[in-house]
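The lines below spell out each chain.
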Amino acid sequence: MSDPVILLSSDAFTDDERARVMAQGPTVAAVTPEARQALPEAVRQGIRAVANKAHMPFDGPQMDLFPNLELIAHFGVGYDAIDVAAASARGIRVTNTPDVLNEDVADLAVAMMLAFSRDIIRGDAWVREGTWASGRELPLNRKMSGARAGIAGMGRIGRAIADRLAAFGMEIHYTSRSEKQTPGWHWHGNDVVSLAGAVDWLVVAVVGGEETRGYVSKEALAALGSDGVVVNIARGSCIDEEALIAALEAREIAGAALDVFYNEPHVDARLVALDTVLLQPHQASATVETRRDMSVLQCDNLAAHLAGRALLTPVN
Ligand SMILES: O=C(O)C(=O)CO
């Protein structure tokens, strides 16, 4: 077998995804910094591309272990685990897998909003556990259609969410760097406090990373108010999680529907204890179809690079 040119840097790949990477060229797996350090120097010298996945940081010192590294092909739209500035400084290209997951992420955001507003999870238990049969009605829940939705971050995923919510007759407000050509929708510049103050639902769809750390601040949560609900399908870091927990515990906001967390997969016990929080295991893109498309796009980027062709979805 030829010497490896691709490093598999994560153990989060499924068998199919790993096989697809391995079809792009000779591959070696080293999923921890220690394992990479322990690779023979000749192997490290041969690595031209990394196939990355999940949240394990890939930083400058990791890149320096591979002096001939040219590409980090990430599986995922969010690439906050990769130090892109460090990569650029070393002439290393980074790719991600945008767009192919927009619909699924938007679907999950809407599903969480419906589940939260219509108390669907409790309703299921109500039937299953015989509470309904014993004569008790589920307490009245909350109407979603026609309410006001705020999309924090009107990028491609934000737009897919907004389009769905518009179909529910909801009033659409948003933040983004520039105003979109969407007559009737309300732009709040980059002011998330103004956005939160104008809506019933605050849906977080900004990109992750240092720039958006704590973007939904204590002030934004206060502006959302006691009838407001936060929905997060972006990154845990995009909300000040301590402020969120404090606002939920004090009933200063009505609730939260969360697919992402600060310290995933370990969710803060205070969130788990609250009955005003709907929790999901970071599964927004987790359908068979979309995960396959993400894997194919990651591998198309690897293949393009190794064949000297232009990258399909470059980040830098
Ligand atoms: O692709 C990503 O970055 C995701 O987190 C999908 O939910």
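Residues numbered from 1 in each chain as written. Predicted model: local features only at pLDDT ≥ 70, side-chain atom pairs only at ≥ 80, totals over all residues. Heavy atoms only, no water.

- An unreviewed UniProt entry lists the chain under the name D-isomer specific 2-hydroxyacid dehydrogenase, from Celeribacter indicus.
- Quoted verbatim from the Sequence similarities (unreviewed entry) field of the UniProt record, the comment on the chain reads "Belongs to the D-isomer specific 2-hydroxyacid dehydrogenase family." (UniProt positions renumbered as here; feature names shortened; annotations may be inferred.)

1. Describing the sheet that holds strand E9 (residues 201-204)
Point 1. Read from one edge of the open sheet, 7 strands run E8-E7-E6-E9-E10-E11-E12, paired in parallel fashion. Edge positions in the open sheet fall to strand E8 (186-187) and strand E12 (277-279), since each of these has one partner strand only.
Point 2. Relative to strand E11 (residues 255-258), strand E10 (residues 229-232) runs parallel, the two sharing 4 bridges. When the sheet's bridge partners are listed, Val230 is paired in E11 with Ala256.
Point 3. Sitting on the sheet, helix H6 (residues 102-117) is in contact with E9, E10, E11 and E12, with an inclination near 150° to E10.
Point 4. Lying over the sheet, helix H11 (residues 241-249) contacts E10, E11 and E12, oriented at roughly 135° with respect to E11. (Pairing = 2+ DSSP bridges. Helix = DSSP H or I, 4+ residues; strand = E, 2+ residues; numbered from the N terminus. Contact = heavy atoms within 4.5 Å. Axes fitted to C-alpha atoms, helices over the stretch in contact; angles between N-to-C directions.)

2. A short note on the sheet that holds strand E5 (residues 93-95)
Point 1. Within the open sheet, the 5 strands sit side by side as E2-E1-E3-E4-E5. Their pairing is parallel. Single-partner strands in this sheet number two, and they are strand E2 (27-29) and E5. Sheet twist, expressed as the mean angle between neighbouring strand axes with direction ignored, is 20°.
Point 2. Pairing between strand E1 (residues 6-8) and E2: 3 bridges, direction parallel. Opposite Leu8, over in E2, you have Ala29 as the bridge partner.
Point 3. Of the strands in this sheet, E1, E2, strand E3 (49-53) and strand E4 (71-75) touch helix H1 (residues 15-22), which is tilted by about 165° from E1.

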